[in-house]
Amino acid sequence: MKSRLNEILGIKYPILQGAMARIADADLASAVSNGGGLGIIASGGQSAQWLREQIKKARSLTDKPFGVNLMLLAPNIDELVDVVCEERVAAVTTGAGNPGKYMPKLLAADIKVIPVVASVALAVRVARIGAHAVITEGCEAGGHIGETTTMALVPQVADAVDIPVLAAGGIADGRGISAAFMLGAEGVQVGTRFLVANECNVAQNYKNAILKAKDTDTCATGRSTGHPVRVIKNKLAREILSLEKKNADPAEIEKLCTGTLVMAVEDGDTDHGSVMSGQIAGLVKKEQPAAEIISEMFEEAEKIYENRSDFFRTGCAVSGNGKKSV
Ligand code: TUI
């Protein structure tokens, strides 16, 4: 499966690795890039020095292109932008805001800019100011989310912009890729499935929480603070939800969340930490190398495409996971 993204980014498969804050480092990004996708180093919550070191490390681990994610709510965002421009990374994805202020600088450094958007309005705005592609992220995704689902958002964004659209949120296998392409996407961004990649340096307890999650095990906390975040429904999440139900002061909730991502990611405290995960975690059942995740997903998607006429002839598609056949 090829799209304009393969040419724009110089990658074999049109798949980007999601930017998991505090998790996605040079090890994971280079493994994804070596597997033919575009690996992403997540700079959210990290220092400029950490980011520069990770970029250099990734360059030592792969000769393929990789990117950096800029979380626009980061207090040191200006410094992080300077680092990606000085290091001239191949691509940047942005999240949690409007990247307009930084676009001229990023484009001048010859960086491919791919903002994550949660609305048609922002997709149109970033396309107008030179974005090379746009990641349309539905609220099935893990971490900071918008309000609209992938299913509803992707076709509306695809109709509204001429640049390539990637779908994100709820995609973890070949069926998700196929569905995204059917909706008008030319690529996908996948986060949750890469959390359990062998090369992902997150605490084993965090991986285990993803591996054992069921379909209904995530929830969105923080709607009352204006920063909804999808996480595994654990002790911390239940406490936040209960406070929100009682209309607690948003400042109190923000305080309760401080430091909780690091607790989950580094200490493996999956009861009191923030275990960010997409709704598709219930489909993620095994740890494997990142390259294998990518090839498996695209093999499944291609099988579905080869058998696509079965959708209409028999009303039963050959399932991408091989469990069902006509
Ligand atoms: O950014 C993400 N996901 C993230 S960032 C993150 S770090 C964090 N930690 C604690 C609290 C909050 C964040 C964890 N997960 N995804 C990309 C994304 N961007 N999702 C939604 C959006 C988004 C939402 C609204 C982008 C733009 C937007 O509107 C901006 C505007 O001005 O219209």
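Refer to the structure presented above.
Residues numbered from 1 in each chain as written. Predicted model: local features only at pLDDT ≥ 70, side-chain atom pairs only at ≥ 80, totals over all residues. Heavy atoms only, no water.

1. Some points on the overall build of the protein
Right, so step 1: Along its length, the protein carries 15 helices and 11 strands.
Right, so step 2: The globule rule puts the C-alpha radius of gyration for 326 residues at 20 Å, and the 19 Å found for the protein is close to it.
Right, so step 3: Principal axes of the C-alpha set define a box for the protein whose edges measure 55 × 45 × 40 Å.
Right, so step 4: A buried classification covers 54% of the 326 residues belonging to the protein.
Right, so step 5: Accessible surface computed for the protein: about 13,900 Å², of which carbon and sulfur atoms make up 51%.
Right, so step 6: The average position of the 35 basic charges and that of the 38 acidic charges among the side chains of the protein differ by 3 Å. (Helix = DSSP H or I, 4+ residues; strand = E, 2+ residues; numbered from the N terminus. Rg over C-alpha atoms; globule rule 2.2 N^0.38 Å. Buried < 20%, exposed > 50% of the residue type's maximum accessible area, 1.4 Å probe, protein only. Areas by Shrake-Rupley, 256 points an atom, 1.4 Å probe, with all protein chains shown as cover. Lys, Arg positive; Asp, Glu negative; His and termini not counted. Charge placed at Lys NZ, Arg CZ, Asp CG, Glu CD.)

2. Here's the deal with the packing of aromatic side chains
Right, so step 1: The final tally for this structure, using the stated rule, is one aromatic pair.
Right, so step 2: When the centroid spacing of 4.8 Å and the interplanar angle of 25 degrees are considered together, the rings of Y13 and F298 count as stacked. On the criterion of sequence distance, the pair formed by Y13 in the loop between α1 (4-9) and β1 (15-17) and F298 in helix α14 (residues 290-306) is long-range, its members being 285 residues apart. An identical accessibility class is assigned to Y13 and F298; each is buried. (Phe/Tyr/Trp six-rings, centres within 6.5 Å; stacked < 30°, edge-to-face > 60°.)

3. Describing the pattern of salt bridges
Right, so step 1: Here the structure, examined in full by the defined rule, presents 15 salt bridges.
Right, so step 2: Residues R4 and E186 are paired through a salt bridge, measuring 2.6 Å at the closest nitrogen-oxygen approach. Taken together, the residues span a long stretch of sequence, with R4 in helix α1 and E186 in the loop between α8 (174-182) and β9 (187-190) at a distance of 182 residues.
Right, so step 3: Residue E186 is classed as buried on the basis of its relative accessible area of 18%.
Right, so step 4: Between E87 and R52 there is a salt bridge, with its nearest N and O atoms 3.1 Å apart. (Salt bridge = Lys/Arg side-chain N within 4 Å of Asp/Glu carboxyl O.)

4. Section: the side chain of T225
Right, so step 1: Within the secondary structure, T225 sits in the loop between β10 (218-221) and β11 (229-232).
Right, so step 2: From its side chain, T225 meets the backbone oxygen of G222 in a polar contact 2.8 Å long. (Polar contact = N/O pair within 3.5 Å; in protein donor to acceptor, adjacent residues only side chain to side chain.)

5. With respect to the state of the cysteines
Right, so step 1: Summed over the entire model, instances satisfying the criterion amount to zero disulfides.
Right, so step 2: Of all cysteine sulfurs in the structure, the one in C219 sits closest to C139, which takes part in no disulfide; the separation is 13 Å.
Right, so step 3: Cysteine C219 shares no disulfide, and the gap to the nearest cysteine sulfur, in C257, comes to 11 Å. (Disulfide = S-S within 2.5 Å.)

6. Side note on the site of the ligand
Right, so step 1: In the vicinity of the ligand lie 13 residues, with A96, G97, V116, E137 and H144 positioned nearest.
Right, so step 2: Here A96 contributes a backbone N or O atom positioned 2.9 Å from a nitrogen atom of the ligand.
Right, so step 3: Separating a nitrogen atom of the ligand from a backbone N or O atom of H144 is a distance of 2.9 Å.
Right, so step 4: When the free accessible area of the ligand is taken as 710 Å², the share hidden by the protein chains comes to 73%.
Right, so step 5: Looking at the shell around the ligand residue by residue, the class counts come to seven nonpolar, five polar and one charged. (Near = heavy atom within 4 Å. Nonpolar A, V, L, I, M, F, W, Y, C, P; charged D, E, K, R; others polar.)

7. Remarks on the nonpolar core
Right, so step 1: Ranked by size, the top nonpolar core spans 82 residues in total, and within it V84 and L106 carry the most contacts.
Right, so step 2: Residues in contact with V84, not counting those within four places in the same chain, are L51, V68, L70, V89, V92, L106 and I111.
Right, so step 3: Counting residues in hydrophobic clusters, the runner-up holds 13 residues, among them L9, I11, I40 and A133. (Core = buried A, V, L, I, M, F, W, Y, C linked by side-chain atoms within 4.5 Å. Contact = heavy atoms within 4.5 Å.)

8. Comments concerning unusual backbone geometry
Right, so step 1: In this model, R88 sits at a positive phi of 45 degrees, which is unusual for a non-glycine residue.
Right, so step 2: With respect to the helices, strands and loops of the structure, R88 is situated in the loop between α4 (77-87) and β4 (91-95).
Right, so step 3: Not every positive phi belongs to a glycine, and A96 is a case in point at roughly 65 degrees.
Right, so step 4: For A96, the position within the fold is in the loop between β4 and α5 (103-108).
Right, so step 5: Classification of A96 by relative accessible area gives partly exposed; the value is 23%.

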